[in-house]
Amino acid sequence: MSEHSIASRAAPPGLSHHLADYAAARRSFTWEHARLALTGGSDPRLNIAYEAVDRQVQRGCGVWLAARFIDRAGVRVDLTYSQLQRSCARFANVLGALGIGRGAAVATLLGRTPELFTVALGALKAGNVFCPLFSAFGPEPLKTRLMLGHIQVLVTTATFYRRKVEGIRALLGELRQVLIVREDANEALPAGTTDFAELLREASELFQTAATRDTDVALLHFTSGTTGMPKGVTLTHAAVIAQHATSELVLDLHPQEVYWCTADPGWVTGIAYGLIGPLTCAVTMIVDREEFDPQRWYQILAEEHVNVWYTAPTAIRMLMKAGTELTRAHQYPHLRLMASVGEPLNAEAVIWGVQAFGQPFHDTWWQTETGAIMIANFAAGEVVAGSMGRAVPGIDAAVVRRTAAGGIEAIDSPDEVGEIALRPGWPSMFSGYLDNPERYRASFHDGWYLAGDLARRDREGYFWFIGRADDVIKSSGHLISPFEVESALMQHPAVAQAAVIGIPDPIAGQAVKAFVELKSGVAPDEALRLKILGHARHLLGAAVAPREIAFSQALPRTRSGKIMRRLLRARELGLPEGDLSTLEGEP
Ligand code: ATP
Ligand code: MG
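Keep in mind that this is a model prediction, so the values were computed, not measured.

Student: Explain the packing of aromatic side chains residue by residue, including any values.
Tutor: Inspection of the entire model under this criterion finds 28 aromatic pairs. With centroids separated by 5.8 Å and ring planes inclined at 85°, the aromatic side chains of F134 and F137 adopt a geometry described as edge-to-face. Overall, the relative accessible area of 9% leaves F134 in the buried class. Classification of F137 as buried rests on a relative accessible area of 2%. For the pair Y273 and Y310, a centre-to-centre distance of 5.7 Å together with 85° between the ring planes defines the contact as edge-to-face. Within this pair, whereas Y273 is found in helix α10 (residues 268–280), its partner Y310 is found in strand β13 (residues 308–311), the two being separated by 37 residues in sequence. Each of the two residues, Y273 as well as Y310, counts as buried.

Student: Report on the side chain of R169, specifying residues and quantitative values.
Tutor: On the secondary structure map, R169 appears in the loop between α7 (158–165) and β7 (177–180). For the buried R169, which has no salt bridge, the nearest side chain bearing the opposite charge is E166, at an N-O separation of 7.5 Å. In terms of polar contacts, R169 uses its side chain to reach the backbone carbonyl oxygen of G192, at 3.0 Å. If near-sequence neighbours (up to four positions away) are discounted, R169 is found in contact with Y161, L175, R176, V178, G192 and T193.

Student: Give me the lowdown on the sheet that holds strand β29 (residues 509–518), citing residues and values where you can.
Tutor: Ordered in space as β28-β29-β30, the three strands form an open sheet in which the pairing is mixed. The open sheet is flanked by β28 (495–505) and β30 (548–551), the only strands paired with a single partner. Adjacent strand axes in the sheet meet at a mean angle of 25°, parallel and antiparallel pairs treated alike. Bridge count for β28 against β29 is ten bridges, and the pairing is antiparallel. Bridge pairing links P504 to Q510 in β29. This element, helix α17 (residues 526–540), spans β28, β29 and β30 of the sheet and lies at about 135° to β30.

Student: Describe in detail empty space enclosed by the protein, supporting the description with residues and values.
Tutor: The tally for this structure, following the rule as stated, stands at one cavity of 30 Å³ or more. Approximately 70 Å³ is the volume attributed to the largest cavity. Every residue lining the largest cavity is listed: R317, E343, P344, N346, F483, E486, M490, Q497, A498, I563 and R565. Elements supplying a minimum of two residues to the lining of the largest cavity: α16 (482–490) and β28. No other element matches the three residues that α16 contributes to the lining of the largest cavity. A class-by-class count of the residues in the lining of the largest cavity yields five nonpolar, two polar and four charged.

Student: An account of the site of ligand 1 is needed here, citing residue identities and associated values.
Tutor: Around ligand 1 sit 21 residues, and of these T223, T226, T227, T368 and K562 come closest. Between ligand 1 and D363 there is a distance of 2.9 Å, counted from a nitrogen atom to a side-chain nitrogen or oxygen. In this structure, an oxygen atom belonging to ligand 1 sits 2.8 Å away from a side-chain N or O atom of R468. Compared with its free state, where it exposes 630 Å², ligand 1 has 95% of that area covered by protein. Mapped onto the shell around ligand 1, the elements with two or more residues apiece are β15 (361–365) and β25 (463–468). Its residues assigned to classes, the shell around ligand 1 comprises six nonpolar, nine polar and six charged.

Student: Got a sec to walk through the pattern of salt bridges? Specific residues and values, please.
Tutor: Considering all chains together, one arrives at 36 salt bridges under this definition. E205 is the partner of R90 in a salt bridge, and the nearest nitrogen-oxygen pair spans 2.8 Å. Placement of R90 in helix α4 (residues 81–97) and of E205 in the loop between α8 (196–202) and β9 (217–222) is noted, with a sequence separation of 115 residues between them. The residue E343 makes a salt bridge to R317 at a minimum N-O spacing of 2.7 Å. Within this pair, whereas E343 is found in the loop between β14 (337–340) and α14 (347–357), its partner R317 is found in helix α12 (residues 313–322), the two being separated by 26 residues in sequence. Here E343 and R317 have matching classes, each one buried.

Student: Tell me about the sheet that holds β13, residues and numbers included.
Tutor: Strand order in this open sheet of nine strands is β3-β2-β12-β11-β13-β14-β15-β16-β18, and the pairing throughout is mixed. Only two strands of the sheet have a single partner each, and these edge strands are β3 (76–80) and β18 (390–391). Examined bridge by bridge, strand β2 (residues 65–70) and β3 share five bridges and lie antiparallel to one another. Directly across from I70, in β3, lies its bridge partner R76. Where α14 meets the sheet, its contacts fall on β13, β14 and β15, and the angle it forms with β15 comes to roughly 150°.

Student: Describe the domain arrangement of the protein, listing the residues and the values that go with them.
Tutor: For the protein, the domain assignment lists domain 1 (47–64 + 81–232) and domain 2 (471–573). A separation of 42 Å is found between the C-alpha centroids of domain 1 and domain 2. Facing eight residues of domain 1, the contacting portion of domain 2 comprises seven residues. Interface of domain 1 and domain 2: buried area, both sides summed, is about 590 Å²; carbon and sulfur atoms make up 51% of it. Summed over the three residues of domain 1 that lose the most area to domain 2, namely F134, S224 and T226, the buried surface amounts to 62% of that side.

Student: For the packing of helix α5 (residues 114–125) against α10, give the residues involved together with the corresponding values.
Tutor: At their nearest, the axes of α5 and α10 sit 11 Å apart, and the two run at 65° to each other. By the angle between their axes, α5 is roughly perpendicular relative to α10. In this structure, the crossing between α5 and α10 has a hand that is right-handed. Residue-level contacts link F117, A120 and L121 of α5 to G274, L275 and L279 of α10. When its residues are assigned to classes, the contact of α5 with α10 shows five nonpolar, one polar and no charged.

Calculation rules
Residues numbered from 1 in each chain as written. Chains lettered and ligands numbered in written order. Predicted model: local features only at pLDDT ≥ 70, side-chain atom pairs only at ≥ 80, totals over all residues. Heavy atoms only, no water. Phe/Tyr/Trp six-rings, centres within 6.5 Å; stacked < 30°, edge-to-face > 60°. Buried < 20%, exposed > 50% of the residue type's maximum accessible area, 1.4 Å probe, protein only. Helix = DSSP H or I, 4+ residues; strand = E, 2+ residues; numbered from the N terminus. Lys, Arg positive; Asp, Glu negative; His and termini not counted. Salt bridge = Lys/Arg side-chain N within 4 Å of Asp/Glu carboxyl O. Polar contact = N/O pair within 3.5 Å; in protein donor to acceptor, adjacent residues only side chain to side chain. Contact = heavy atoms within 4.5 Å. Pairing = 2+ DSSP bridges. Axes fitted to C-alpha atoms, helices over the stretch in contact; angles between N-to-C directions. 1 Å grid on protein atoms, 1.4 Å probe; cavity = no way out; pocket = protein on both sides within 12 Å on 5 of 7 lines; lining within 4 Å. Points joined across faces, edges and corners; volume = space filled by probe spheres on them. Nonpolar A, V, L, I, M, F, W, Y, C, P; charged D, E, K, R; others polar. Near = heavy atom within 4 Å. Areas by Shrake-Rupley, 256 points an atom, 1.4 Å probe, with all protein chains shown as cover. Domains from an automatic or database assignment. Buried area = accessible area lost by both parts, 1.4 Å probe. Parallel < 35°, antiparallel > 145°, perpendicular 65-115°, else oblique. Left-handed = near helix turned anticlockwise from the far one by under 90°.

Right under this line is the structure:
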């Protein structure tokens, strides 16, 4: 193994990893078996909500806790699988009573609440399409998504409705029903809306799950908008097969374990691994209703005895910035697996995990379009720090190049950079881009799905992220990986985060410019700038190191925490900023 290998935490006594032997798992895994293992039979019907909730109740696990919601004051609301089953059945009946036909889209604009679970799974149970909308969106991004998604039912609060939807309602011809989750019982209902709780109370707890099939559309997710206008991505009920399999193989979830996914349900991770996958594994999910706060997070990890934690690089970097004294104020004897997704995870952050928690973070790679984790560092064995890991069993992933003849060919030689490509055929592969069939068709070429991310693969099959195809820098004929430069910058003790872009250069074509966010308490001055430049040159060499470094108070990020290099580029070059609907801090 390489210098980057770090041992994972061993499985506790009595628990065996779902994936103990990678090579054996890759050999024996098939999606047919995965479907069978999930559903226990060859019924042509398949429904996400049924697999997530009803199946657990049917197995006799109805009294187990499905989720624990924690509010600002630390008050906990617990939800069992049986309770969730009943509320979902009621909501499925409500949709029928309102005359909402099967296949119609139902959206939520809610915080991380039990009602969101009820609506998401109730809609799926009824055979409707569920679309989570991020609750911090303002009227403009909501209008675009509600229209593009042909949303017929919106479930929200009175506050959100008045602030964000009332003013655009007249434009939303397809929106038939707005249901209000009251925040307090005396709150008045806005005109043109209906009380969610009252409808639910009146509905029956019995509902025969819709006879959906693998290919029926179930979910509509909007991408993060990191590289441009967010795209509407549809996933089918078959996604549950891959979301379940990866919740076992990668997140290693076991029944009744405590699991915390910190992603908001407004994004695909918050539904695939913050709702569906974990429920199919019969775990107890922790749902924090508050925003990120280091002390609060450490307290939750410790007090709730979290076993498995799935988070994101941006949160990890913020925890690093806050310092390990805070981490060490608690102990985490129950925590056995920490994983990350959404952005490249620098080796620095993986190693920090060992210092702070005594175990590394496990990076995973996937996209809204793939519907489930595709590449991962697995729970058993070693983590390769700085690498995204290896292809999940059942996934044929490669690094490819375009040939002169216009085809695609897999790159066999190790460490050569190319685009990440996946062989279509896994169950959670997206079924379309909403209203954009051409773009969907264009993502497939020569028998591959092209992911738009560049990477290299080493001899052992580990993938190393280079950058998004849109973000990589070409300088004097060399391809420069923004990720590599950012990782080198992050190794400087004063640097908390970094983002690099290419700026025009008359001789080299492009030169590297870095934007650096410093750790708290570090003052930006010329001497430090030169020191960081020197550090980068020393590590990377003059051809790859940034030519310019600018200090930034806060790098522009998407609401899901991804650095928006396209915005840094646009601002640097004085170009239009493009779609800002997912920019953090925008109204
Ligand atoms: P948009 O497509 O609208 O620009 P987005 O690609 O950020 O937004 P998502 O589908 O949420 O929307 O994110 C998937 C992308 O996130 C991947 O294509 C990849 O670029 C990045 N990503 C996810 N996981 C990792 C990882 N482990 N390492 C590096 N990059 C990652
Ligand atoms: Mg994308």
